[in-house]
Amino acid sequence: MTNPKDEREARSATEEVQLLFVRHENSIRAFVRALQPTLFDADDVMQETFLTVSRKASSFEPGTNFVAWACGIARLKVLENFRQKKRGNVLSEAAINALAEDAPSPQLLSETQRALEACLEKLAPKVRDLLWRRYSRRQSSTEMAEAAGMTSNAVRVALSKARVALRDCISSQIQSAQ
Amino acid sequence: MMKEKDTNSELDALINACLDGRLSEAEADRLSQWIEESSEARQRYWQLASVHGMIEQSMQSASLKAATGEEFVTPVKTVDRFRWSRISSTAAGILIGIFGASMVWAYTVPRVDPAQRESREILIESFEDPEMKFPRRFPTNANRWFGGMRSVPGQGGMPAVEGARVGQFANVPQHRFSDVRYIVDFDEYGEPSDKHTRSIEVSGSFFSPDLDHTSVFRIDVAAFSEAPEAVQPVWIDREHFNDVVLQRVGRNYRPEPGDQATWHEVKVSMEIPRGARSLVVSLSAGKRVPGGASSDRYLDAVRVNLVDTFVPVD
(Lines give C-alpha, C1' and ligand atoms only; values in the text may rest on other atoms or scores of the structure.)
Protein backbone atom coordinates (compact mmCIF):
# COMPACT_ATOMS: atom_id res chain seq x y z
CA MET A 1 0.00 0.00 0.00
CA THR A 2 1.28 3.46 -0.87
CA ASN A 3 2.21 5.66 2.03
CA PRO A 4 -0.07 8.78 1.99
CA LYS A 5 2.92 10.93 2.92
CA ASP A 6 4.87 9.66 -0.12
CA GLU A 7 1.86 10.38 -2.31
CA ARG A 8 1.61 13.94 -0.99
CA GLU A 9 5.31 14.49 -1.60
CA ALA A 10 5.09 13.13 -5.14
CA ARG A 11 2.13 15.42 -5.86
CA SER A 12 3.97 18.37 -4.46
CA ALA A 13 7.08 17.63 -6.58
CA THR A 14 4.88 17.41 -9.69
CA GLU A 15 3.19 20.72 -8.96
CA GLU A 16 6.58 22.29 -8.29
CA VAL A 17 8.09 21.29 -11.65
CA GLN A 18 4.91 22.26 -13.50
CA LEU A 19 5.14 25.75 -12.01
CA LEU A 20 8.81 25.93 -12.95
CA PHE A 21 7.91 24.82 -16.46
CA VAL A 22 5.42 27.65 -16.86
CA ARG A 23 7.88 30.15 -15.38
CA HIS A 24 10.65 29.14 -17.79
CA GLU A 25 8.47 28.26 -20.74
CA ASN A 26 9.97 30.97 -22.97
CA SER A 27 13.49 29.61 -22.66
CA ILE A 28 12.42 26.00 -23.09
CA ARG A 29 10.29 26.90 -26.08
CA ALA A 30 13.12 28.86 -27.70
CA PHE A 31 15.34 25.80 -27.29
CA VAL A 32 12.70 23.50 -28.79
CA ARG A 33 11.84 25.76 -31.71
CA ALA A 34 15.47 26.18 -32.62
CA LEU A 35 15.88 22.41 -32.90
CA GLN A 36 12.39 21.84 -34.28
CA PRO A 37 11.67 24.92 -36.40
CA THR A 38 8.21 23.85 -37.61
CA LEU A 39 5.69 25.50 -35.38
CA PHE A 40 3.36 22.58 -34.95
CA ASP A 41 6.11 20.03 -34.43
CA ALA A 42 7.46 22.37 -31.76
CA ASP A 43 4.03 22.46 -30.11
CA ASP A 44 3.94 18.66 -30.06
CA VAL A 45 7.42 18.51 -28.55
CA MET A 46 6.54 21.10 -25.90
CA GLN A 47 3.49 19.07 -24.96
CA GLU A 48 5.41 15.82 -24.74
CA THR A 49 8.15 17.55 -22.78
CA PHE A 50 5.64 18.89 -20.29
CA LEU A 51 4.16 15.41 -19.83
CA THR A 52 7.57 13.86 -19.23
CA VAL A 53 8.74 16.65 -16.95
CA SER A 54 5.59 16.09 -14.87
CA ARG A 55 6.10 12.33 -14.82
CA LYS A 56 9.75 12.60 -13.82
CA ALA A 57 9.20 15.38 -11.30
CA SER A 58 10.69 13.37 -8.46
CA SER A 59 14.02 13.06 -10.29
CA PHE A 60 14.51 16.83 -10.45
CA GLU A 61 16.76 18.07 -7.67
CA PRO A 62 15.47 21.39 -6.33
CA GLY A 63 18.13 24.06 -6.44
CA THR A 64 19.72 22.74 -9.62
CA ASN A 65 19.17 24.33 -13.04
CA PHE A 66 15.58 23.56 -14.05
CA VAL A 67 15.89 24.92 -17.61
CA ALA A 68 18.92 22.74 -18.30
CA TRP A 69 17.08 19.69 -16.90
CA ALA A 70 13.91 20.39 -18.90
CA CYS A 71 15.89 21.11 -22.08
CA GLY A 72 17.62 17.75 -21.66
CA ILE A 73 14.19 16.11 -21.73
CA ALA A 74 13.06 18.35 -24.60
CA ARG A 75 16.08 17.29 -26.62
CA LEU A 76 15.05 13.63 -26.34
CA LYS A 77 11.50 14.56 -27.36
CA VAL A 78 12.80 16.44 -30.41
CA LEU A 79 14.68 13.31 -31.45
CA GLU A 80 11.61 11.12 -30.87
CA ASN A 81 9.54 13.47 -33.00
CA PHE A 82 12.24 13.47 -35.65
CA ARG A 83 12.23 9.65 -35.79
CA GLN A 84 8.43 9.49 -35.97
CA LYS A 85 8.11 11.96 -38.84
CA LYS A 86 10.94 10.46 -40.90
CA ARG A 87 11.13 13.43 -43.24
CA GLY A 88 13.99 13.76 -45.68
CA ASN A 89 14.26 17.53 -45.75
CA VAL A 90 15.20 18.18 -42.13
CA LEU A 91 18.43 18.14 -40.14
CA SER A 92 19.98 14.76 -39.46
CA GLU A 93 19.79 13.16 -36.02
CA ALA A 94 23.55 13.64 -35.64
CA ALA A 95 23.20 17.35 -36.43
CA ILE A 96 20.40 17.75 -33.88
CA ASN A 97 22.53 16.01 -31.28
CA ALA A 98 25.52 18.21 -32.10
CA LEU A 99 23.36 21.33 -31.81
CA ALA A 100 21.92 20.21 -28.50
CA GLU A 101 25.45 19.69 -27.17
CA ASP A 102 26.32 23.27 -28.10
CA ALA A 103 23.07 24.85 -26.94
CA PRO A 104 23.35 28.33 -25.44
CA SER A 105 23.16 28.54 -21.68
CA PRO A 106 19.83 29.45 -20.05
CA GLN A 107 21.42 32.76 -19.05
CA LEU A 108 22.35 33.56 -22.65
CA LEU A 109 18.83 32.64 -23.79
CA SER A 110 17.41 35.13 -21.28
CA GLU A 111 19.80 37.85 -22.45
CA THR A 112 18.88 37.10 -26.05
CA GLN A 113 15.18 37.42 -25.29
CA ARG A 114 15.67 40.80 -23.62
CA ALA A 115 17.86 42.08 -26.47
CA LEU A 116 15.39 40.80 -29.06
CA GLU A 117 12.58 42.93 -27.68
CA ALA A 118 14.69 46.06 -28.01
CA CYS A 119 15.87 45.06 -31.49
CA LEU A 120 12.35 44.40 -32.77
CA GLU A 121 11.48 48.01 -32.15
CA LYS A 122 14.31 49.14 -34.39
CA LEU A 123 12.91 47.34 -37.44
CA ALA A 124 10.96 49.16 -40.13
CA PRO A 125 7.18 48.99 -39.52
CA LYS A 126 6.63 46.96 -42.70
CA VAL A 127 9.13 44.33 -41.58
CA ARG A 128 7.61 44.20 -38.10
CA ASP A 129 4.23 43.71 -39.72
CA LEU A 130 5.56 40.74 -41.69
CA LEU A 131 7.03 39.19 -38.53
CA TRP A 132 3.78 39.77 -36.69
CA ARG A 133 1.82 38.02 -39.44
CA ARG A 134 4.25 35.10 -39.55
CA TYR A 135 4.86 34.51 -35.87
CA SER A 136 1.80 35.89 -34.13
CA ARG A 137 -0.94 35.27 -36.66
CA ARG A 138 0.85 32.23 -38.07
CA GLN A 139 0.08 33.09 -41.65
CA SER A 140 1.63 31.19 -44.54
CA SER A 141 3.92 32.95 -47.01
CA THR A 142 1.07 32.96 -49.52
CA GLU A 143 -1.36 34.57 -47.09
CA MET A 144 1.25 37.12 -46.06
CA ALA A 145 2.02 37.87 -49.71
CA GLU A 146 -1.67 38.53 -50.42
CA ALA A 147 -2.00 40.80 -47.39
CA ALA A 148 1.21 42.72 -48.04
CA GLY A 149 0.92 42.95 -51.84
CA MET A 150 4.18 41.05 -52.34
CA THR A 151 5.16 37.79 -53.97
CA SER A 152 5.60 34.72 -51.74
CA ASN A 153 9.26 34.67 -52.62
CA ALA A 154 9.68 38.33 -51.65
CA VAL A 155 8.01 37.52 -48.31
CA ARG A 156 10.43 34.68 -47.64
CA VAL A 157 13.42 36.86 -48.53
CA ALA A 158 12.15 39.67 -46.30
CA LEU A 159 11.68 37.26 -43.38
CA SER A 160 15.17 35.84 -43.82
CA LYS A 161 16.67 39.34 -43.91
CA ALA A 162 14.68 40.34 -40.83
CA ARG A 163 16.00 37.39 -38.84
CA VAL A 164 19.57 38.13 -39.89
CA ALA A 165 19.14 41.82 -38.96
CA LEU A 166 17.73 40.81 -35.57
CA ARG A 167 20.57 38.37 -34.96
CA ASP A 168 23.17 41.03 -35.73
CA CYS A 169 21.37 43.57 -33.54
CA ILE A 170 21.13 41.08 -30.64
CA SER A 171 24.85 40.24 -30.88
CA SER A 172 25.81 43.89 -30.73
CA GLN A 173 23.39 44.56 -27.84
CA ILE A 174 24.77 41.66 -25.81
CA GLN A 175 28.37 42.64 -26.56
CA SER A 176 27.82 46.26 -25.59
CA ALA A 177 26.20 45.17 -22.32
CA GLN A 178 29.26 43.13 -21.34
CA MET B 1 37.80 37.50 -46.34
CA MET B 2 35.44 37.49 -49.31
CA LYS B 3 35.37 33.71 -49.21
CA GLU B 4 34.42 33.71 -45.52
CA LYS B 5 31.63 36.21 -46.23
CA ASP B 6 30.29 34.01 -49.04
CA THR B 7 30.47 30.96 -46.81
CA ASN B 8 28.57 32.73 -44.04
CA SER B 9 25.94 33.95 -46.51
CA GLU B 10 25.43 30.44 -47.81
CA LEU B 11 25.20 29.07 -44.27
CA ASP B 12 22.70 31.79 -43.29
CA ALA B 13 20.61 31.01 -46.37
CA LEU B 14 20.52 27.31 -45.48
CA ILE B 15 19.65 28.01 -41.84
CA ASN B 16 16.87 30.39 -42.89
CA ALA B 17 15.49 27.79 -45.30
CA CYS B 18 15.61 25.24 -42.47
CA LEU B 19 13.73 27.56 -40.12
CA ASP B 20 11.07 28.15 -42.80
CA GLY B 21 10.78 24.40 -43.47
CA ARG B 22 11.78 24.77 -47.13
CA LEU B 23 15.07 22.89 -47.32
CA SER B 24 15.45 20.42 -50.16
CA GLU B 25 16.82 17.01 -49.21
CA ALA B 26 20.21 17.90 -50.69
CA GLU B 27 20.28 21.17 -48.75
CA ALA B 28 19.27 19.36 -45.55
CA ASP B 29 22.18 16.97 -46.04
CA ARG B 30 24.59 19.85 -46.65
CA LEU B 31 23.45 21.84 -43.63
CA SER B 32 23.49 18.73 -41.42
CA GLN B 33 27.04 17.93 -42.43
CA TRP B 34 28.10 21.52 -41.84
CA ILE B 35 26.57 21.51 -38.36
CA GLU B 36 28.05 18.13 -37.47
CA GLU B 37 31.56 19.22 -38.47
CA SER B 38 31.83 22.86 -37.48
CA SER B 39 31.32 24.45 -34.08
CA GLU B 40 31.15 27.85 -35.83
CA ALA B 41 28.25 26.60 -37.94
CA ARG B 42 26.51 25.40 -34.78
CA GLN B 43 27.01 28.76 -33.13
CA ARG B 44 25.69 30.55 -36.22
CA TYR B 45 22.70 28.21 -36.30
CA TRP B 46 21.86 28.92 -32.67
CA GLN B 47 22.14 32.68 -33.13
CA LEU B 48 19.62 32.68 -35.97
CA ALA B 49 17.42 29.90 -34.61
CA SER B 50 17.16 31.61 -31.20
CA VAL B 51 15.64 34.61 -32.96
CA HIS B 52 13.17 32.30 -34.71
CA GLY B 53 12.37 30.58 -31.43
CA MET B 54 11.80 33.78 -29.47
CA ILE B 55 10.00 36.13 -31.85
CA GLU B 56 6.59 34.67 -31.13
CA GLN B 57 6.74 35.61 -27.46
CA SER B 58 8.27 38.97 -28.19
CA MET B 59 5.58 39.83 -30.72
CA GLN B 60 3.19 40.16 -27.85
CA SER B 61 4.90 43.14 -26.33
CA ALA B 62 2.78 46.24 -26.06
CA SER B 63 5.32 48.43 -27.79
CA LEU B 64 5.28 46.24 -30.84
CA LYS B 65 1.52 46.25 -30.98
CA ALA B 66 1.57 50.02 -30.90
CA ALA B 67 4.29 50.18 -33.51
CA THR B 68 2.44 47.98 -35.98
CA GLY B 69 -0.71 50.02 -35.50
CA GLU B 70 -2.72 46.85 -35.09
CA GLU B 71 -5.19 46.13 -32.38
CA PHE B 72 -3.83 43.48 -30.09
CA VAL B 73 -4.79 40.17 -31.53
CA THR B 74 -4.13 37.26 -29.24
CA PRO B 75 -1.79 34.90 -31.03
CA VAL B 76 -3.90 32.63 -33.11
CA LYS B 77 -3.10 29.56 -31.04
CA THR B 78 -5.17 30.75 -28.11
CA VAL B 79 -8.55 30.43 -26.50
CA ASP B 80 -10.34 29.10 -29.55
CA ARG B 81 -7.33 27.48 -31.02
CA PHE B 82 -5.99 24.97 -28.60
CA ARG B 83 -4.55 22.12 -30.45
CA TRP B 84 -4.82 18.51 -29.51
CA SER B 85 -1.91 16.35 -30.17
CA ARG B 86 -0.70 12.86 -29.60
CA ILE B 87 -1.02 11.93 -25.97
CA SER B 88 0.17 8.64 -24.66
CA SER B 89 -2.83 6.59 -23.68
CA THR B 90 -1.09 5.00 -20.76
CA ALA B 91 -0.24 8.27 -19.11
CA ALA B 92 -2.75 10.29 -17.22
CA GLY B 93 -3.53 12.50 -20.17
CA ILE B 94 -2.67 16.13 -19.94
CA LEU B 95 -3.79 18.50 -22.58
CA ILE B 96 -1.77 21.59 -23.11
CA GLY B 97 -2.84 24.53 -25.16
CA ILE B 98 -0.99 27.74 -25.65
CA PHE B 99 -2.91 30.48 -23.92
CA GLY B 100 -1.32 33.77 -24.71
CA ALA B 101 2.23 33.45 -23.59
CA SER B 102 1.54 30.80 -21.02
CA MET B 103 0.25 27.29 -21.03
CA VAL B 104 -2.90 25.85 -19.62
CA TRP B 105 -3.57 22.22 -19.05
CA ALA B 106 -6.35 19.99 -17.98
CA TYR B 107 -6.35 16.45 -16.81
CA THR B 108 -8.40 13.95 -18.67
CA VAL B 109 -10.46 11.45 -16.77
CA PRO B 110 -8.49 8.27 -16.10
CA ARG B 111 -9.68 5.29 -18.08
CA VAL B 112 -12.34 3.31 -16.31
CA ASP B 113 -10.93 -0.14 -16.86
CA PRO B 114 -7.73 -0.20 -18.85
CA ALA B 115 -7.56 -3.97 -18.58
CA GLN B 116 -10.73 -4.24 -20.66
CA ARG B 117 -10.20 -1.57 -23.27
CA GLU B 118 -7.12 0.43 -24.09
CA SER B 119 -7.58 3.24 -26.58
CA ARG B 120 -4.66 5.13 -28.04
CA GLU B 121 -5.03 8.34 -30.01
CA ILE B 122 -2.53 7.74 -32.76
CA LEU B 123 -3.47 10.65 -34.99
CA ILE B 124 -5.19 13.97 -34.41
CA GLU B 125 -5.18 16.39 -37.29
CA SER B 126 -6.76 19.79 -37.54
CA PHE B 127 -4.69 21.14 -40.44
CA GLU B 128 -3.23 23.99 -38.39
CA ASP B 129 0.05 24.25 -40.27
CA PRO B 130 -0.39 26.78 -43.11
CA GLU B 131 2.71 25.39 -44.82
CA MET B 132 1.42 21.82 -44.82
CA LYS B 133 2.20 20.05 -48.08
CA PHE B 134 -0.11 17.40 -49.57
CA PRO B 135 1.55 15.46 -52.38
CA ARG B 136 -1.16 14.75 -54.94
CA ARG B 137 -0.75 11.03 -55.17
CA PHE B 138 -1.58 7.86 -53.28
CA PRO B 139 0.52 7.63 -50.10
CA THR B 140 3.95 6.19 -50.68
CA ASN B 141 4.86 6.10 -47.00
CA ALA B 142 3.22 6.13 -43.57
CA ASN B 143 2.61 9.08 -41.24
CA ARG B 144 1.96 11.74 -43.85
CA TRP B 145 -1.10 13.14 -45.60
CA PHE B 146 -1.40 12.85 -49.34
CA GLY B 147 -4.13 14.10 -51.66
CA GLY B 148 -6.06 17.12 -52.84
CA MET B 149 -6.17 19.41 -49.84
CA ARG B 150 -4.74 22.62 -48.39
CA SER B 151 -4.80 24.30 -45.00
CA VAL B 152 -6.98 27.45 -44.92
CA PRO B 153 -8.14 29.72 -42.09
CA GLY B 154 -11.57 29.03 -40.59
CA GLN B 155 -14.08 31.69 -41.60
CA GLY B 156 -16.85 33.48 -39.73
CA GLY B 157 -19.58 31.23 -41.13
CA MET B 158 -17.35 28.22 -40.81
CA PRO B 159 -15.37 28.39 -37.58
CA ALA B 160 -12.87 25.57 -37.23
CA VAL B 161 -13.97 22.63 -35.10
CA GLU B 162 -10.52 22.60 -33.50
CA GLY B 163 -7.87 25.28 -33.74
CA ALA B 164 -8.19 28.12 -36.24
CA ARG B 165 -7.55 26.44 -39.58
CA VAL B 166 -9.25 23.69 -41.53
CA GLY B 167 -8.46 21.51 -44.53
CA GLN B 168 -10.08 22.51 -47.84
CA PHE B 169 -10.59 19.78 -50.39
CA ALA B 170 -9.34 20.54 -53.89
CA ASN B 171 -12.24 21.59 -56.09
CA VAL B 172 -11.61 20.07 -59.49
CA PRO B 173 -14.77 20.50 -61.61
CA GLN B 174 -14.15 17.40 -63.74
CA HIS B 175 -13.63 15.16 -60.67
CA ARG B 176 -16.55 13.92 -58.64
CA PHE B 177 -14.53 13.37 -55.45
CA SER B 178 -11.48 14.84 -53.78
CA ASP B 179 -9.76 12.95 -51.02
CA VAL B 180 -6.89 12.90 -48.57
CA ARG B 181 -5.22 9.72 -47.42
CA TYR B 182 -2.91 8.66 -44.65
CA ILE B 183 -1.28 5.30 -43.96
CA VAL B 184 -0.91 4.00 -40.42
CA ASP B 185 1.95 1.54 -40.00
CA PHE B 186 0.91 -1.03 -37.37
CA ASP B 187 4.54 -2.04 -36.91
CA GLU B 188 4.94 1.13 -34.86
CA TYR B 189 2.35 0.04 -32.31
CA GLY B 190 3.30 -3.55 -31.54
CA GLU B 191 1.10 -6.63 -31.74
CA PRO B 192 -1.86 -6.97 -29.38
CA SER B 193 -1.68 -9.96 -27.07
CA ASP B 194 -3.59 -13.16 -27.89
CA LYS B 195 -6.24 -12.09 -25.41
CA HIS B 196 -6.96 -8.79 -27.14
CA THR B 197 -8.68 -7.85 -30.34
CA ARG B 198 -7.61 -4.69 -32.09
CA SER B 199 -9.84 -2.21 -33.81
CA ILE B 200 -9.52 1.22 -35.31
CA GLU B 201 -11.85 4.18 -34.86
CA VAL B 202 -11.68 7.07 -37.32
CA SER B 203 -13.69 10.27 -37.14
CA GLY B 204 -13.65 13.53 -39.06
CA SER B 205 -15.84 16.60 -39.40
CA PHE B 206 -16.94 17.73 -42.85
CA PHE B 207 -18.47 21.01 -44.00
CA SER B 208 -19.92 22.37 -47.18
CA PRO B 209 -21.68 25.72 -47.48
CA ASP B 210 -23.86 24.52 -50.36
CA LEU B 211 -27.52 24.91 -49.51
CA ASP B 212 -28.88 22.54 -52.13
CA HIS B 213 -27.26 19.56 -50.42
CA THR B 214 -25.41 18.19 -53.36
CA SER B 215 -22.47 16.98 -51.28
CA VAL B 216 -21.50 13.60 -49.97
CA PHE B 217 -18.78 12.96 -47.40
CA ARG B 218 -17.02 9.67 -46.88
CA ILE B 219 -14.54 7.92 -44.61
CA ASP B 220 -13.03 4.69 -45.80
CA VAL B 221 -10.52 2.46 -44.00
CA ALA B 222 -8.75 -0.53 -45.52
CA ALA B 223 -6.20 -2.91 -43.96
CA PHE B 224 -3.40 -4.65 -45.86
CA SER B 225 -0.65 -7.08 -44.97
CA GLU B 226 1.78 -5.09 -47.15
CA ALA B 227 4.22 -2.54 -45.74
CA PRO B 228 3.14 1.10 -46.30
CA GLU B 229 5.50 1.58 -49.24
CA ALA B 230 4.02 -1.48 -50.99
CA VAL B 231 0.32 -0.62 -50.70
CA GLN B 232 0.14 1.68 -53.73
CA PRO B 233 0.53 -1.05 -56.40
CA VAL B 234 -2.11 -3.13 -54.63
CA TRP B 235 -4.45 -0.17 -54.39
CA ILE B 236 -4.34 0.69 -58.07
CA ASP B 237 -4.69 -2.92 -59.20
CA ARG B 238 -8.48 -2.87 -59.13
CA GLU B 239 -8.74 -6.36 -60.66
CA HIS B 240 -7.02 -8.02 -57.70
CA PHE B 241 -7.80 -5.45 -55.03
CA ASN B 242 -10.59 -7.48 -53.41
CA ASP B 243 -8.34 -10.54 -53.22
CA VAL B 244 -5.63 -8.66 -51.40
CA VAL B 245 -7.37 -6.25 -49.03
CA LEU B 246 -7.73 -7.89 -45.60
CA GLN B 247 -10.63 -5.81 -44.36
CA ARG B 248 -12.40 -2.69 -45.56
CA VAL B 249 -15.15 -0.47 -44.20
CA GLY B 250 -16.58 2.76 -45.60
CA ARG B 251 -19.28 5.12 -44.56
CA ASN B 252 -21.03 7.84 -46.55
CA TYR B 253 -22.80 10.82 -45.10
CA ARG B 254 -25.25 12.79 -47.20
CA PRO B 255 -26.49 16.04 -45.70
CA GLU B 256 -30.26 16.15 -46.00
CA PRO B 257 -32.44 19.15 -46.93
CA GLY B 258 -33.34 19.74 -43.28
CA ASP B 259 -29.70 19.85 -42.20
CA GLN B 260 -27.98 23.11 -41.35
CA ALA B 261 -24.88 24.29 -43.22
CA THR B 262 -22.71 23.14 -40.36
CA TRP B 263 -20.00 20.64 -39.56
CA HIS B 264 -21.03 17.01 -39.86
CA GLU B 265 -19.04 14.45 -37.92
CA VAL B 266 -18.60 11.06 -39.57
CA LYS B 267 -17.25 8.05 -37.70
CA VAL B 268 -16.08 4.64 -38.80
CA SER B 269 -14.75 1.73 -36.80
CA MET B 270 -13.32 -1.56 -37.98
CA GLU B 271 -11.72 -4.60 -36.43
CA ILE B 272 -8.15 -5.07 -37.57
CA PRO B 273 -7.41 -8.62 -38.70
CA ARG B 274 -4.25 -10.24 -37.42
CA GLY B 275 -1.40 -9.92 -39.85
CA ALA B 276 -2.42 -6.43 -40.93
CA ARG B 277 0.59 -4.16 -41.39
CA SER B 278 -0.85 -1.04 -43.03
CA LEU B 279 -4.11 0.82 -42.70
CA VAL B 280 -5.15 3.27 -45.40
CA VAL B 281 -7.42 6.00 -44.04
CA SER B 282 -9.24 7.93 -46.77
CA LEU B 283 -11.46 10.96 -46.20
CA SER B 284 -13.35 12.19 -49.22
CA ALA B 285 -15.85 14.86 -50.18
CA GLY B 286 -17.60 15.25 -53.48
CA LYS B 287 -20.71 15.58 -55.56
CA ARG B 288 -23.68 13.38 -54.87
CA VAL B 289 -24.15 12.70 -58.57
CA PRO B 290 -21.63 12.82 -61.42
CA GLY B 291 -21.65 16.23 -63.04
CA GLY B 292 -23.33 17.79 -59.98
CA ALA B 293 -22.67 21.30 -58.74
CA SER B 294 -19.18 22.16 -57.58
CA SER B 295 -18.83 23.50 -54.07
CA ASP B 296 -16.13 24.25 -51.52
CA ARG B 297 -15.82 21.38 -49.08
CA TYR B 298 -13.83 21.26 -45.87
CA LEU B 299 -12.45 18.81 -43.33
CA ASP B 300 -11.35 19.28 -39.71
CA ALA B 301 -10.74 17.42 -36.45
CA VAL B 302 -9.64 14.07 -37.83
CA ARG B 303 -8.93 11.49 -35.17
CA VAL B 304 -7.67 7.95 -35.40
CA ASN B 305 -7.81 5.77 -32.31
CA LEU B 306 -6.29 2.35 -31.95
CA VAL B 307 -8.36 0.28 -29.54
CA ASP B 308 -7.24 -3.01 -27.97
CA THR B 309 -10.06 -4.82 -26.22
CA PHE B 310 -9.58 -7.68 -23.77
CA VAL B 311 -11.50 -10.77 -24.79
CA PRO B 312 -11.80 -13.32 -21.93
CA VAL B 313 -11.11 -16.90 -22.93
CA ASP B 314 -13.87 -19.33 -21.84
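That block above? That's the structure.
Residues numbered from 1 in each chain as written. Chains lettered and ligands numbered in written order. Predicted model: local features only at pLDDT ≥ 70, side-chain atom pairs only at ≥ 80, totals over all residues.

> Just checking my understanding: could you explain the interface of chain B and chain A for this structure?
Contacts between chain B and chain A engage 55 residues on the former and 61 residues on the latter. The set of elements that each furnish at least two residues to the side of chain B that touches chain A consists of helix H1 (2-19), helix H2 (25-37), helix H3 (39-58), helix H4 (62-68), strand E1 (94-99) and strand E2 (102-107) of chain B. Per-element accounting of the side of chain B that touches chain A gives the leading share, 17 residues, to H3(B). (Contact = placed C-beta atoms within 7 Å. Helix = DSSP H or I, 4+ residues; strand = E, 2+ residues; numbered from the N terminus.)

> Would you explain helix H7 (residues 125-136) of chain A in this entry?
What sets the pattern is the α-helix's 3.6 residues per turn: residues three or four places apart point alike. All of the buried residues along H7(A) are Arg128(A), Leu130(A), Leu131(A), Trp132(A), Arg133(A), Arg134(A), Tyr135(A) and Ser136(A). Two residues or fewer past H7(A), Arg138(A) is found with a positive phi of approximately 60°. (Buried ≥ 20, exposed ≤ 12 C-beta atoms within 10 Å, placed from the backbone.)

> Is there a simple way to think about the sheet that holds strand E12 (residues 278-287) of chain B in this case?
Adjacent strands of a sheet form backbone hydrogen bonds with each other and so pair up, either parallel or antiparallel. All names here are of chain B. Spatially, E4-E7-E12-E9-E10 is the arrangement adopted by the five strands of the open sheet, whose pairing is antiparallel. Two strands bound the open sheet, and with one partner strand each, they are strand E4 (145-147) and strand E10 (247-253). Between one strand axis and the next, the sheet turns by 15° as a mean value, whatever way the strands run. Two strands pair when backbone bridges link them, and strand E9 (residues 215-224) and E12 are joined in this way by 10 bridges, in the antiparallel orientation. Looking at the pairing, Ser-215 lines up with Lys-287 of E12. (Pairing = 2+ DSSP bridges. Axes fitted to C-alpha atoms, helices over the stretch in contact; angles between N-to-C directions.)

> Would you explain the nonpolar core in this entry?
General note: in soluble globular proteins, nonpolar side chains tend to be found buried as a group. Counting 65 residues, the largest nonpolar core has Phe31(A), Val32(A), Ala70(A), Ala74(A), Ile15(B), Leu31(B) and Ile35(B) as its most contacted members. Excluding residues within four positions of it along the chain, Ile35(B) makes contact with Leu91(A), Ala95(A), Ala98(A), Leu99(A), Ala41(B), Arg42(B) and Tyr45(B). (Core = buried A, V, L, I, M, F, W, Y, C linked by C-beta atoms within 7 Å.)

> Can you walk me through the packing of helix H8 (residues 141-148) of chain A against helix H9 (residues 152-177) of chain A in this structure?
Each pair of packed helices gets described by two things: the angle between the helix axes and the distance between those axes. All names here are of chain A. Contact geometry of H8 with H9 gives a least axis separation of 8 Å together with a crossing angle of 100°. Classified by the interaxial angle, the pair formed by H8 and H9 is roughly perpendicular. Mapping the contact onto sequence places Ser-141, Thr-142, Met-144, Ala-145 and Ala-148 in H8 and Ser-152, Val-155 and Arg-156 in H9. Partitioned by chemical class, the residues of the contact of H8 with H9 number four nonpolar, three polar and one charged. (Parallel < 35°, antiparallel > 145°, perpendicular 65-115°, else oblique. Nonpolar A, V, L, I, M, F, W, Y, C, P; charged D, E, K, R; others polar.)

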